[in-house]
Amino acid sequence: MRASVGLLLLVLLPLLPCVPGLPFYNGFYYSPSGRNLGNGHGEGTSVTLPCRYHYKPALVSPRPVRIKWWKLSENGAPEQDVLVSIGQRQRSFGDYQGRVHLLQDRELEASLELQDLQPEDSGRYRCEVIDGLEDESGVVELELRGVVFPYQPSQGRYKLNFPKAQQACEEQDAVVASFEQLFRAWEEGLDWCNAGWLEDGSVQYPITLPREPCGGLGLAPGVRSYGPRHHRLSRYDVFCFTAALKGQVYYLEHPEKLTLTEAREACREDGAHIAKVGQLFAAWKFRGLDHCDAGWLADGSARYPVAHPRPNCGPPEPGVRSFGFPDPQSRSYGVYCYRQR
């Protein structure tokens, strides 16, 4: 009699609700700081999505199976093939090439190791095991815990349609935030009165302290929504999300203040590049970058990160302070550089 194959994903089930329509649902959360929630493991900027299978009744000897991982469609994005394996042969696809491989250090193992994590790697992944005519599959959700930051360009408030918002986040080493990411940021204290695009094409903003200019005093704290907006005709700011920091952000010690052009050149002479906004936020959030001097960034803004608030260093809360977009010829600022590791 032929043994049937059954798939078991090793993740803590009680932590997360079920998703209707799926045979079973599992969630896996990964933090770039090295803290993991769930039965999986990650280190640095890599993570393992757990997947194991078993036979009923058990096989006397193992036999080769076909294993496939792919990322499920979300918010209009198409499905993406990640990896296919038959026996010891593995093939990865697209942006995942060179970043994924199966862990096969024990029998009946189909877990996927994903390296060099990118913010866009967040999402739901399906693991499928095929043995002849038998197949089973299950879903793991990978959510990168990063930092959400509001962003508006040098042209000012409410200048971005949805494609421009996507481009603006990408230019700052980030992606457009999802509602879940914005909601978690609000739970952690993010309060911002300007509405911004989210990944699903809606426009929302987080309020922790209700006030008259931000929807009025009569509304409770929360993430307030304008709903979906026209992708090309509507214009707002954007909420960006960044998770991984692959290098070092630092304030360049320099004998004098710099113009924007001089700042770019100073970083190059130091073997680095001028830092992007997303890189500065990630360094502040995950590396505790704390410096009270404002410095130029790649988009022409001037900002500084404060992890430990103190007198004469801005407001009493931790955060990344902004001086907006000063005159590029101004010699009032230093520069934050980014060096790839």
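Criteria and cut-off values
- Here the residue numbering is sequential within each chain, running from 1 through the sequence in written order.
- The predicted nature of this model means local features are confined to residues of pLDDT at least 70 and side-chain atom pairs, given and counted, to a pLDDT of 80 or more, with totals for whole chains, interfaces and linings taken over all residues.
- With hydrogens and water excluded, all non-hydrogen atoms of the structure serve as input to the side-chain values.
- A run of H or I in DSSP counts as a helix once it spans at least four residues, and a run of E counts as a strand once it spans at least two, with each numbered from the N terminus.
- Exposure classes here rest on a 1.4 Å probe applied to the protein chains alone. A residue is buried below 20% of its type maximum, exposed above 50%, and partly exposed in between.
- When checking whether two residues touch, look at their non-hydrogen atoms; a contact exists if any pair is within 4.5 Å.
- Only the protein chains shown count as covering a residue, and every accessible area follows the Shrake-Rupley method with a 1.4 Å probe.
- Paired strands, as defined in this entry, are two strands with at least two bridges between them according to DSSP.
- Note that a disulfide, as used here, is simply two cysteine sulfur atoms within 2.5 Å.
- The patches reported here contain residues having more than 30% relative accessible area and no salt bridge. Joining distances are 9 Å for like charges and 5 Å for nonpolar side chains (Val, Leu, Ile, Met, Phe, Trp, Tyr).
- The salt bridge criterion pairs a side-chain nitrogen of Lys or Arg with a carboxyl oxygen of Asp or Glu, the two atoms within 4 Å.
- All tallies of charge rest on Lys and Arg as positive and Asp and Glu as negative; His and the ends of each chain are not included.
- Charge positions are represented by NZ for Lys, CZ for Arg, CG for Asp and CD for Glu.
- Regarding the arc, it is the one traced by the directions from the helix axis to the C-beta atoms.
- A 3.5 Å cut-off defines polar contacts: any pair of N or O atoms within that distance qualifies, except that in protein one atom must be a possible hydrogen donor and the other a possible acceptor, and neighbouring residues in sequence count only when both atoms are side-chain atoms.
- We call a set of buried Ala, Val, Leu, Ile, Met, Phe, Trp, Tyr and Cys residues a nonpolar core when their side-chain atoms join them within 4.5 Å.

Turning our attention to the overall build of the chain. A tally of regular secondary structure across the chain gives 4 helices and 25 strands. When each of the 341 residues of the chain is scored for burial, the buried share is 49%. Considering only intrachain contacts with a sequence separation of at least 6, the fraction spanning at least 24 residues in the chain is 59%. Here the chain has roughly 17000 Å² of accessible surface; of this, 50% comes from carbon and sulfur atoms.

Alignment of strand E8 (residues 80–86) against strand E9 (residues 89–92), held across 4 bridges, turns out to be antiparallel. The partner of Ser85 across the bridge, within E9, is Gln90.

Further remarks concern the state of the cysteines. Taken as a whole, this structure holds 5 disulfides when the rule is applied. Residue Cys193 pairs covalently with Cys214 via a disulfide, S to S 1.8 Å. Between Cys193 and Cys214 the sulfur-sulfur dihedral comes to about -130 degrees; the bridge is accordingly left-handed. In this pair, Cys193 is assigned in the loop between helix H2 (179–187) and strand E16 (196–197) and Cys214 in the loop between strand E17 (202–207) and strand E18 (222–228), connecting sequence segments 21 residues apart. Judged by its relative accessible area of 24%, Cys193 is partly exposed. On the basis of relative accessible area, Cys214 is assigned to the buried category, the value being 3%. Cysteine pairing in the chain follows 1-2, 3-6, 4-5, 7-10, 8-9, where each cysteine in a disulfide is numbered by its order in the sequence.

Time to look at a negative patch on the surface. Among the surface-exposed residues, Glu74, Glu180, Glu199 and Asp200 lie close enough to one another that they form a single negatively charged patch. One can find Glu199 in the loop between E16 and E17.

Our next topic: helix H1 (residues 162–171). Buried within H1 are the following residues: Phe162, Ala165, Ala168 and Cys169. Along H1, the residues classed as buried sweep out an arc of 115 degrees about the axis, all on the same side. Two or three places before Lys164, at the opening of H1, Asn161 has a side-chain oxygen 2.9 Å from that residue's backbone nitrogen. Just beyond H1, the residue with positive phi is Asp173, at close to 60 degrees.

Among the nonpolar cores identified, the biggest contains 86 residues, and Trp69, Val238, Val249 and Val335 are the most heavily contacted of them. Examining the composition of this core, we find that 6 residues originate from one element, helix H4 (residues 277–287), more than from any other.

Relative to the elements of secondary structure, Leu112 occurs in strand E11 (residues 112–114). Taking C-alpha positions, Leu112 is 8.3 Å from Val47, a pair spaced 65 residues apart along the chain. Not counting residues up to four positions away in its chain, the partners in contact with Leu112 are Val47, Thr48, Leu49, Trp69, Val82, Leu83, Val100, His101 and Leu102.

Note on placement: Ser137 falls in strand E13 (residues 134–144). Judged by its relative accessible area of 14%, Ser137 falls in the buried class. At a separation of 2.8 Å, a polar atom in the side chain of Ser137 contacts the side chain of Arg126.

All right, on to the side chain of Ser234 then. Mapped onto the elements, Ser234 comes out in the loop between E18 and strand E19 (237–242). On the basis of relative accessibility, which here comes to 13%, the residue Ser234 falls in the buried class. Ignoring sequence-local partners within four residues, the contact set of Ser234 consists of Leu160, Asn161, Trp197 and Arg229.

Residues Leu260, Ala263, Ala266 and Cys267 constitute the buried set of helix H3 (residues 260–269). The buried side chains of H3 occupy one side of the element, clustering within an arc of 115 degrees when seen end-on. Residues Thr261 and Glu269 are exposed on H3 and point more than 90 degrees away from its buried face. Summarising the contacts, the buried residues of H3 are in contact with strand E21 (273–274), strand E22 (295–296) and strand E25 (334–340).

Under the defined criterion, the tally for this structure stands at 11 salt bridges. The salt bridge involving Arg52 is made with Glu109; its shortest N-O contact spans 3.9 Å. With Arg52 in strand E6 (residues 52–56) and Glu109 in the loop between strand E10 (100–102) and E11, this pair connects stretches of sequence that are 57 residues apart. What makes Arg52 partly exposed here is its relative accessible area of 23%. Assessed through its relative accessible area of 7%, Glu109 is described here as buried. Its salt-bridge partner being Glu262, residue Arg331 comes within 2.4 Å of it at the nearest N-O pair. Highlighted residues: Arg331 in the loop between strand E24 (319–322) and E25 and Glu262 in helix H3, separated in sequence by 69 residues.

This is a description of form; function is not addressed.
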